[in-house]
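# Chains, contacts and geometry: an overview
Okay, here's what each chain looks like letter by letter:
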Amino acid sequence: MKLAERLKGFDAYLGTEMNLRLTRMRAEGRDVINLGLGDPDVQPSEVQRQTLADACLDVDSHHYPSFYSPKPLKEAIANWYGRRFGVACDPDTEVIPLLGSADGLFHIHTCLLDVGDIALVPDPCYPAYVAGVKIAGGRVHSVPLLKQNGFLPDLEAVPADVARRARMIWVNYPNNPTAAVAGEDFYRRLIDWARRYEVAVISDNPYSEICFDGYRPPSFLQVDGAREVGVEFNSLSKAYNCCGWRTGMLLGNRDIIAAMNKIKSHSDRGMFYPLQVAATESLNGPTDFMQARNRAFQERRDVVLDALTAMGVAAHRSDATFYVWAEVPEGSGTSRDFCFKVLEAVSVWMIPGSMYGAHGEGYFRIALTHPSARLAEAMDRLKRLIG
Ligand SMILES: Cc1ncc(COP(=O)(O)O)c(C=O)c1O
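Residues numbered from 1 in each chain as written. Predicted model: local features only at pLDDT ≥ 70, side-chain atom pairs only at ≥ 80, totals over all residues.

Turning to the domain arrangement of the protein chain, a few remarks are in order. Looking at the protein chain, the domain boundaries give domain 1 (5–43 + 289–386) and domain 2 (63–284). Computed over C-alpha atoms only, the centres of domain 1 and domain 2 are separated by 25 Å. Listed by partner, the interface residues are 29 residues for domain 1 and 30 residues for domain 2. Those elements giving two or more residues to the side of domain 1 that touches domain 2 turn out to be α12 (289–310) and β9 (323–327). By residue number, the principal contributor to the side of domain 1 that touches domain 2 is α12, which donates 5 residues. (Domains from an automatic or database assignment. Contact = placed C-beta atoms within 7 Å. Helix = DSSP H or I, 4+ residues; strand = E, 2+ residues; numbered from the N terminus.)

Let us look at the pairing of strand β2 (residues 95–98). Because side chains alternate across β2, one face comprises the buried residues V95 and P97, and the other comprises I96 and L98, equally buried. Taken together, the 4 bridges between β2 and strand β8 (residues 248–252) define a ladder with antiparallel strand orientation. Across the sheet, I96 pairs through a bridge with L250, a residue of β8. (Buried ≥ 20, exposed ≤ 12 C-beta atoms within 10 Å, placed from the backbone. Pairing = 2+ DSSP bridges.)

A few words now on the environment of R293. Among the structural elements, R293 can be located in helix α12. A tally of 19 C-beta atoms within 10 Å means that R293 is categorised as partly exposed. Not counting residues up to four positions away in its chain, the partners in contact with R293 are V42 and N241.

Right, let's get into the site of the ligand. What surrounds the ligand is a group of 14 residues, the closest being G100, S101, A102, S235 and S237. Top contributing element to the shell around the ligand by residue count: helix α4 (residues 101–112), with 3 residues. A class-by-class count of the residues in the shell around the ligand yields 5 nonpolar, 8 polar and 1 charged. (Near = placed C-beta within 6 Å. Nonpolar A, V, L, I, M, F, W, Y, C, P; charged D, E, K, R; others polar.)

Right under this line is the structure:
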């Protein structure tokens, strides 16, 4: 048997491998603090869980999802974008529910790339973008996200001949892993640039509701002209505390939505009906729980940042996401050397920046996925090692 050559072009998702390793370490009796995985210790509300449970208990809920009308969920998504961002999308032609945004951000490459086509991908970035391009047979052209540019892409630095041949560009703000944010002015420049070169813009916005200090991240789609050039992914995972539900969405450009519908009609049969019901109710329901949740993330951010600053480790105090992007202390080797040394010495796992791309080298990412006291303990352990 010979496996496809394309498998050599990308690595398996690191989170899966690291979870196995950390589980083994725990089985050996080590008290591991996992600040790697972006899956926080927050839960969906009782109403959300009850809605899901009731829908599961209904004997009529268990057909193929295509048996049920997708309209209520599509309308709930469109209405949520209307209320939250002032964006009016037609639920029939400009919205598609996804099995987590990961589902769509994998297939989007098949929608847009023929073999050998260029995709512009930020570096560092969420690793699924790179893998998705390669699996679809496309070619990655990296767009560096540099500290001196606020971790925004310098669009004018993309060579014109590359931009002309590129079919799509990924943007992700609030950003994973750098925690940087982008304003409407950035999206305006991006739309002008995308029109000039006829490049589809793919905005990934799953952290839109994880924000602090009164900051409210915008949507790419709220800027004039966005829908002509692109689409936006969003997700209930982080916004509604339900990463495990696998409930996401894609909104915007009709041609891309139609292409995604076509591909997904073959790749899956839609979302399990009880999840459709629970996602619909969640999106139509109250959002006040987000304020208390975000206050807790903000407090955690400050606990970690204050401790890092006291240790002399540089990190940016971001207004959004539950990540801290910090600089590897001088003399600690590569980000990989540093993070694995910390794991072995004090049982704290943080993700090396190089795992998000070459320009992530020199950084590491901390996920604020534990209560403040546990984060403080992780920082104490780090201090013992480097402080
Ligand atoms: C930037 C980014 N995009 C997409 C996803 C996937 O989210 P979902 O749970 O909706 O599949 C994540 C998850 O961590 C992410 O960080």
